[in-house]
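Below are the chains, spelled out letter by letter.
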Amino acid sequence: MKIGIVGLPNVGKSTMFNSITKAGAECANYPFCTIEPNVGVVGVPDERLEELTKMYHPEKTTHAVIEFVDIAGLVKGASKGEGLGNKFLSHIRETDSICEVVRCFEDSNVVHVDGNVDPVRDIETINLELIFADIETVNKRLDKARKNLKADKKYQQEIDLLEKIKQNLENGISARAIDFNEEEQEMVKEMFLLTTKPILYIANISEEQLENAENDELVKRVKEYASREKAEVIPLCVKIEEELSGLEETDKKEMLEALGLEESGLDKVIKKSYDLLGLMSFLTAGEPEVRAWTIKKGTKAPRSSRKNTLRYRKRIY
């Protein structure tokens, strides 16, 4: 399962990726520093797993993992091939969900591609490019369905759905924000539209904004926009998260306490990204291994655990 980290150039996207994965992706204060996507596999923080490790003292502890992909910064016109648009869109297609980093801080030393900070404008820049790409996809499917309709009337249902999606897209509404019935949802899955991918917004703020992040005006604007798509927003200071990621666990806890935080923002991002993919963990524990197994939400316990229980014969949580 892949999560694509996207954003305009110079919003802190690659810095956040580095902090999450400690993979050392190149960061610089100029557009298109990231050309080919960087990929990092990350363990999902789970307090339950840590408690079981203390109880059983196993030979090893295995976390559930997810994959983050740092995708090149996008600019206006990407859907028409501007900048690295074609590569950007192809890399997005290969991911299962989107983590969009939005700049909500002022800093004269960090260039903004549009000259000033406006998080909603930045979100709309990216989302509109994805919408334009989806309109092209929908139009192609409509042409094909209309031709097939002459031979088989069953295509009328697909045409009706495509026209519904097209109308919303042309009004600037992402497909994820459209209400579909169960039958329509199954049909939409087969269309592989970019704007149906679940999305999480990361509001990148300064250290000064951190103390009152939830009431910050720019963060509020991002939340208001995200609510239309039933998406969530996590405010964090990418610069501080970068510092935290380089500390030993004891020093990290001390710094978090000094900042008045219970956990790092990146831990929240990883957990929420895991949740965004529709995944959850069930745990097995014993002396050989304490392990988090990744399953889809809604999977029944006997089905998800039978094979692994026979292999490991451990207590299941």
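**Q** Just give me the short version of the sheet that holds strand β6 (residues 199-204), but keep the residues and values in it.
**A** One key point about sheets: their strands pair by backbone hydrogen bonds, in either a parallel or an antiparallel sense. Pairing is mixed across the open sheet formed by six strands, whose spatial order is β2-β4-β1-β5-β6-β7. Across the chains shown, the open sheet's two edge strands, defined by having one partner strand only, are β2 (38-43) and β7 (232-236). On average, adjacent strands in this sheet sit at an angle of 25 degrees to one another, irrespective of strand direction. In terms of strand pairing, strand β1 (residues 2-6) meets strand β5 (residues 97-103) through four bridges, oriented parallel. Counterpart to Ile 5 in the pairing with β5 is Cys 99. Across the sheet, helix α11 (residues 265-276) is in contact with β1, β2, β4 (65-70), β5, β6 and β7; its angle to β7 comes to roughly 165 degrees.

**Q** Break down a negative patch on the surface for me, citing the residues and quoting the values.
**A** Together, Glu 50, Glu 248, Glu 249, Asp 251, Glu 254 and Glu 257 make up a negatively charged patch on the protein surface. For the negative patch, the element with the highest residue contribution is helix α10 (residues 249-259), accounting for four residues. Along the chain, Glu 257 turns up in helix α10. Look at Glu 257 and you get exposed, because its relative accessible area is 63%.

**Q** Can you lay out unusual backbone geometry for me, pointing to particular residues and giving the numbers?
**A** The phi torsion at His 57 lies on the positive side, around 45 degrees, for a residue other than glycine. Along the polypeptide, His 57 turns up in the loop between α2 (47-56) and β3 (60-62). We classify His 57 as exposed; its relative accessible area is 64%. Although it is not a glycine, Phe 192 adopts a positive phi angle of roughly 55 degrees. When you line up the elements, Phe 192 lands in the loop between α6 (182-189) and β6. Given the relative accessible area of 66%, Phe 192 is considered exposed.

**Q** Kindly report on the pairing of strand β9 (residues 289-296), identifying the contributing residues and their values.
**A** Here β3 runs beside β9; their pairing, made up of three bridges, is parallel. Its bridge partner being in β9, Thr 61 is matched across the sheet by Val 290. Pairing of strand β8 (residues 279-285) with β9, which is carried by six bridges, proceeds in the antiparallel orientation. Each residue of the ladder has a partner; that of Thr 284, found in β9, is Arg 291.

Rules of the game
Residues numbered from 1 in each chain as written. Predicted model: local features only at pLDDT ≥ 70, side-chain atom pairs only at ≥ 80, totals over all residues. Heavy atoms only, no water. Pairing = 2+ DSSP bridges. Helix = DSSP H or I, 4+ residues; strand = E, 2+ residues; numbered from the N terminus. Axes fitted to C-alpha atoms, helices over the stretch in contact; angles between N-to-C directions. Contact = heavy atoms within 4.5 Å. Patch = residues over 30% accessible without salt bridge, like charges linked within 9 Å, V, L, I, M, F, W, Y side chains within 5 Å. Areas by Shrake-Rupley, 256 points an atom, 1.4 Å probe, with all protein chains shown as cover. Salt bridge = Lys/Arg side-chain N within 4 Å of Asp/Glu carboxyl O. Lys, Arg positive; Asp, Glu negative; His and termini not counted. Charge placed at Lys NZ, Arg CZ, Asp CG, Glu CD. Buried < 20%, exposed > 50% of the residue type's maximum accessible area, 1.4 Å probe, protein only.

In short, shape yes, function no, at least from these values alone.
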